[in-house]
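One letter stands for each residue in the lines below.
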Amino acid sequence: MSNGLKQDVSIGDNLQRLRKQAGLTQAQASAKLELLGLSMTPEIYAKIEQGRYSIKISVLLALKEIYRADSFDAFFEGL
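Just so it is clear, the structure is predicted and the values come from calculations on it, not from any experiment.

A few points about the packing of helix H2 (residues 26-35) against helix H4 (residues 57-66)
With their axes 10 Å apart at the nearest point, H2 and H4 run at an angle of 110 degrees to one another. Classified by the angle their axes make, H2 and H4 are roughly perpendicular. Crossing angle aside, the handedness with which H2 passes H4 is right-handed. Residues Ala29, Lys32 and Leu33 of H2 lie in contact with H4, whose contacting residues are Val59, Ala62, Leu63 and Ile66. Grouping the amino acids of the contact of H2 with H4 by side-chain chemistry returns six nonpolar, no polar and one charged.

Pasting the structure below:
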């Protein structure tokens, strides 16, 4: 039995928008996460954007840096 948190709202569309604004592919975004010491494959990153895989807070913190987001509001816009 899993004790993991279940995603109830997908921020995938916002992640995709921010990634594209940063001029990155999913593979490039996952590689940048790997360079920051976070385990991420392009396949898992794609599932996160599709809302099929819950994002870890550590990944969200790193993406804020990678995408140069001013605040976390950009991740939750429109929800």
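Some remarks on the packing of aromatic side chains
In the structure shown here, the tally under the stated rule is one aromatic pair. Ring centres of phenylalanine 72 and phenylalanine 75 lie 6.0 Å apart, and the angle between their planes is 35 degrees; this geometry places the pair in the tilted category. Given a relative accessible area of 30%, phenylalanine 72 falls into the partly exposed group. What makes phenylalanine 75 buried here is its relative accessible area of 0%. Its end group placed over the ring of phenylalanine 72, lysine 64 keeps NZ or CZ at 5.4 Å from the ring centre.

Details of the side chain of asparagine 14
Here asparagine 14 lies in helix H1 (residues 12-21). Assessed through its relative accessible area of 10%, asparagine 14 is described here as buried. Ignoring sequence-local partners within four residues, the contact set of asparagine 14 consists of Ala74, Phe75, Phe76, Glu77 and Leu79.

Cut-offs applied
- Residues numbered from 1 in each chain as written.
- Predicted model: local features only at pLDDT ≥ 70, side-chain atom pairs only at ≥ 80, totals over all residues.
- Heavy atoms only, no water.
- Axes fitted to C-alpha atoms, helices over the stretch in contact; angles between N-to-C directions.
- Helix = DSSP H or I, 4+ residues; strand = E, 2+ residues; numbered from the N terminus.
- Parallel < 35°, antiparallel > 145°, perpendicular 65-115°, else oblique.
- Left-handed = near helix turned anticlockwise from the far one by under 90°.
- Contact = heavy atoms within 4.5 Å.
- Nonpolar A, V, L, I, M, F, W, Y, C, P; charged D, E, K, R; others polar.
- Phe/Tyr/Trp six-rings, centres within 6.5 Å; stacked < 30°, edge-to-face > 60°.
- Buried < 20%, exposed > 50% of the residue type's maximum accessible area, 1.4 Å probe, protein only.
- Lys NZ or Arg CZ within 6 Å of the ring centre and 35° of its normal.

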